[in-house]
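# Analysis of the macromolecular model
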Amino acid sequence: MAKMSLEDLRKMKDEKKKILDRREVGENDIVIRIGMATCGIAAGAKKTMEALFDEIEKQGLNETTIKQSGCMGYCDKGEPTVEVKVPGMPDTIYGAVNEDFARRIIKEHCVQRKLVDGGHIFDRPSRDILKE
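First, a word on scope: everything that follows refers to the structure included in this document.

Cut-offs applied
- The numbers attached to residues start from 1 for each chain and follow its sequence in the written order.
- pLDDT decides what is reported in this predicted model: residues at 70 or higher carry local features, side-chain atom pairs at 80 or more are listed and counted, and totals for whole chains, interfaces and linings draw on all residues regardless.
- Values shown for side chains rest on all heavy atoms present in the structure; no hydrogens or waters enter the calculation.
- The term nonpolar core refers to a set of buried residues drawn from Ala, Val, Leu, Ile, Met, Phe, Trp, Tyr and Cys, joined through side-chain atoms within 4.5 Å.
- Remark: exposure states derive from per-residue accessible area (1.4 Å probe, protein chains only) relative to the maximum for the residue type, with buried under 20%, exposed over 50%, and partly exposed in between.
- Secondary structure follows DSSP: runs of H or I at least 4 residues long count as helices, runs of E at least 2 residues long count as strands, and numbering of each begins at the N terminus.
- Each residue after the first adds 1.5 Å to the expected span of a helix.
- For Phe, Tyr and Trp, where Trp contributes only its six-membered ring, two rings pair if their centres lie within 6.5 Å, and the inter-plane angle classes them as stacked under 30 degrees, edge-to-face over 60, or tilted in between.
- Any two strands between which DSSP finds at least two bridges are classified as paired.
- With axes taken as lines fitted to C-alpha atoms, and helix axes fitted only over the stretch in contact, angles between N-to-C directions fall between 0 and 180 degrees.
- Any pair of residues with heavy atoms lying within 4.5 Å of one another is described as a contacting pair.

## Let's talk about the nonpolar core
Core analysis: the largest hydrophobic core is formed by 25 residues, its most contacted members being Ile32, Leu52, Val84, Tyr94 and Cys110. Elements supplying a minimum of two residues to this core: strand E1 (30-35), helix H3 (45-59), strand E3 (82-85) and helix H4 (99-111). Counting residues per element, this core draws most heavily on H3, which supplies six residues.

Below, the structure written as structure tokens:
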């Protein structure tokens, strides 16, 4: 393994600190929870989480928190699962979230404030609650 310089270590520390800071919730934050049980990890949840972090950074969503959870109970429908809580919108659980769909969740759900369907929504309020 190549030796790392002090500057490389500082850069790595700063990058990891950004990720850790994203886990602290403020009262007006968007909160995203990704299922990271063995079922989710085996289905690619780590890459999905990396795509979420990357797109949040690109979109400048500083008020966004990412949390990890265990199994959300949707293994039979498709992993990885991602729950999204945006102030003023219904809490939504998306399934079978790959890297590309994770980026759509950030752009469309979190930025544009609209549900991203396409067969990925597993849980949301009934139609009489939603204003469509």
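## Notes on H3
Spanning 15 residues, H3 covers 21 Å between terminal C-alpha atoms, matching the ideal 21 Å at 1.5 Å per step. Within the span of H3, buried status applies to Ala45, Thr48, Met49, Ala51, Leu52, Phe53, Glu55 and Ile56. Positive backbone phi, at 70°, marks Gly60, one or two positions downstream of H3.

## Focus on the packing of aromatic side chains
The tally for this structure, following the rule as stated, stands at two aromatic pairs. Judged by centre distance (5.5 Å) and plane angle (35°), the rings of Tyr74 and Phe122 are tilted. Placement of Tyr74 in the loop between strand E2 (64-69) and E3 and of Phe122 in strand E5 (residues 121-123) is noted, with a sequence separation of 48 residues between them. Of the two residues, Tyr74 and Phe122, neither departs from the other in class, the shared state being buried.

## Brief notes about the pairing of E3
Every other side chain in a regular strand lies on the same face of the sheet, so the side chains alternate between the two faces. Inspection of the sheet shows E1 paired to E3 by four bridges, in the antiparallel sense. Paired with Ile32 across the bridge in E3 is Val84. Count of turn residues in the E3/strand E4 (residues 92-94) antiparallel hairpin: six residues, of which Gly88 carries a positive phi of about 85°.

## Notes on the sheet that holds E3
Strands sit in the order E2-E1-E3-E4-E5 across an open sheet of five strands; the sheet is mixed. The open sheet has two free edges, formed respectively by E2 and E5, since each of these has just one partner strand. The sheet shows a mean angle of 30° between the axes of neighbouring strands, direction not considered. H3 rests against E1, E2 and E3 of the sheet, and its axis sits at about 165° to E1. With respect to the sheet, H4 is in contact with E1, E3 and E4, its orientation differing from that of E4 by roughly 160°.

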